[in-house]
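Survey of secondary and tertiary structure
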Amino acid sequence: MRILVTGGAGFIGSHVAEDYIEAGHEVSIIDNMSSGKEENVNPKARLYKMDIRSPELDLVFAKEKPEVLNHHAAQIDVRKSVDDPIFDANVNIVGMLGLLQASVKHGVEKVIFASSGGAIYGEPQLLPAGEQTALDPLAPYGVAKVAGEFYLSCYHALHGLNYTALRYGNIYGPRQDPHGEAGVIAIFCESMLRDREVKIFGTGEQLRDYVYVGDVVAANVLALDKGDGARVNIGTGKGTSVNELFTILKEVLGYGKDAVNYPPRHGELEKTYLDDALVFDVLGWKAQVGIERGLEQTAAFFRDR
Ligand SMILES: NC(=O)c1ccc[n+]([C@@H]2O[C@H](COP(=O)([O-])OP(=O)(O)OC[C@H]3O[C@@H](n4cnc5c(N)ncnc54)[C@H](O)[C@@H]3O)[C@@H](O)[C@H]2O)c1
């Protein structure tokens, strides 16, 4: 298949692009390199260093004629979306719309969209949060992800464009960005390796659903052939606390100090993790990598780079 991966020089997108290439697909990438890195890009991919909002977008679609659009490019920083919601909406809503318009014009069959199960449900009443949980985003970043999902179902109804929305938990692993939704892991690894103070905001008992990036890649591969019209959680069904992350990484990296607690961050969710039953029915996907093994592999990446 011909697949266009936006954000393919970034953390998750680069792993997805790599697996698609290994499976024999023809991959092109659009990335403005704002956080993406050239070293993340597989040399077999054709890289267009440009913004998804660029007027040249049409030329890339005309040249590459993608059958599938895998959309990972985004403004990913939840706090930045609060400080500058207009920028967030420009990239995450208007940028996505430009991609959908080009997809319809150039005959793309399916869009796979990196949504966020951590940001669209707000503070869920029932845990683990299933896909039927009310959409109640508490930051502009989550509002844009909800809008993206609704544009997809709307474009399906209007133009027959297929889609799968993958509602990611907190994704971690090699190449991860400290500003992303699982940024705490990258930040802890960096601080421990430099023997600096590790800060925990609040009690450290906040729960999140941490998913290893290799598992996320597998979901993106399955979504090429399955899950049309579905919006599914990509989670493990379990919450892990910041204190647990600290304890595991401390052991793995041989860090000798205790964490230092700071006042809680304003507006931070207390507990959210995702039900993983529907995605098993729809894609046949289940997370395979447990938190200990995933953190060992992530810590090894930060140690060896
Ligand atoms: N990491 C997580 O825990 C997580 C959770 C939920 C959803 N997501 C979503 O997954 C996707 C990938 O996130 P990531 O963690 O790999 O982040 P990342 O920052 O590593 O990847 C995003 C990529 O998009 C590129 N980009 C940003 N703005 C662009 C623009 N205007 N035009 C072209 N390229 C642009 C960046 O250079 C980067 O390479 C995002 O859509 C994010 O919202 C991530």
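As a further point, take the site of the ligand. Around the ligand lies a shell of 31 residues, among which Phe 11, Asp 31, Ser 35, Tyr 141 and Ile 171 are the nearest. When the free accessible area of the ligand is taken as 820 Å², the share hidden by the protein chains comes to 98%. Here the ligand is seated within the second largest pocket. Elements represented by at least two residues in the shell around the ligand include exactly helix 1 (11–22), strand 5 (110–116), helix 5 (140–159) and strand 7 (170–172). It is strand 5 that provides the largest number of residues to the shell around the ligand, a total of three residues. Across the shell around the ligand, the residue classes tally to 15 nonpolar, 11 polar and five charged.

So, about the domain arrangement of the chain. Partitioning the chain into structural domains gives domain 1 (2–171 + 210–234) and domain 2 (175–209 + 238–304). At the interface, 46 residues of domain 1 touch 34 residues of domain 2. Interface area, domain 1 with domain 2, both sides summed: about 3500 Å², of which 59% is carbon and sulfur. When the buried area of domain 1 at its contact with domain 2 is split by residue, Tyr 210, Tyr 212 and Asp 215 rank highest and sum to 24% of it. For the interface between domain 1 and domain 2, the tally reads one salt bridge. Secondary-structure elements contributing two or more residues to the side of domain 1 that touches domain 2 are helix 1, helix 3 (78–83), strand 6 (162–168), strand 7, strand 10 (210–212), helix 7 (213–222) and strand 11 (230–234). Among the elements that make up the side of domain 1 that touches domain 2, the one with the highest residue count is strand 11 (five residues). In terms of residue class, the side of domain 1 that touches domain 2 is made up of 24 nonpolar, 13 polar and nine charged.

Below, the discussion takes up the side chain of Asp 209. Relative to the helices and strands, Asp 209 resides in the loop between strand 9 (207–208) and strand 10. Buried charge without a salt bridge: Asp 209, with Lys 238 as the nearest opposite-charge side chain at an N-O distance of 8.0 Å. At 3.4 Å, the side chain of Asp 209 and the backbone nitrogen of Gly 237 are in polar contact. Setting aside anything within four residues of it in sequence, one finds Asp 209 in contact with Gly 169, Asn 170, Gly 235, Thr 236, Gly 237, Lys 238, Thr 272, Tyr 273 and Leu 274.

Cut-off values and rules
Residues numbered from 1 in each chain as written. Predicted model: local features only at pLDDT ≥ 70, side-chain atom pairs only at ≥ 80, totals over all residues. Heavy atoms only, no water. Near = heavy atom within 4 Å. Areas by Shrake-Rupley, 256 points an atom, 1.4 Å probe, with all protein chains shown as cover. 1 Å grid on protein atoms, 1.4 Å probe; cavity = no way out; pocket = protein on both sides within 12 Å on 5 of 7 lines; lining within 4 Å. Sits in = over half its atoms within 2 Å of the grid points. Helix = DSSP H or I, 4+ residues; strand = E, 2+ residues; numbered from the N terminus. Nonpolar A, V, L, I, M, F, W, Y, C, P; charged D, E, K, R; others polar. Domains from an automatic or database assignment. Contact = heavy atoms within 4.5 Å. Buried area = accessible area lost by both parts, 1.4 Å probe. Salt bridge = Lys/Arg side-chain N within 4 Å of Asp/Glu carboxyl O. Buried < 20%, exposed > 50% of the residue type's maximum accessible area, 1.4 Å probe, protein only. Lys, Arg positive; Asp, Glu negative; His and termini not counted. Polar contact = N/O pair within 3.5 Å; in protein donor to acceptor, adjacent residues only side chain to side chain.

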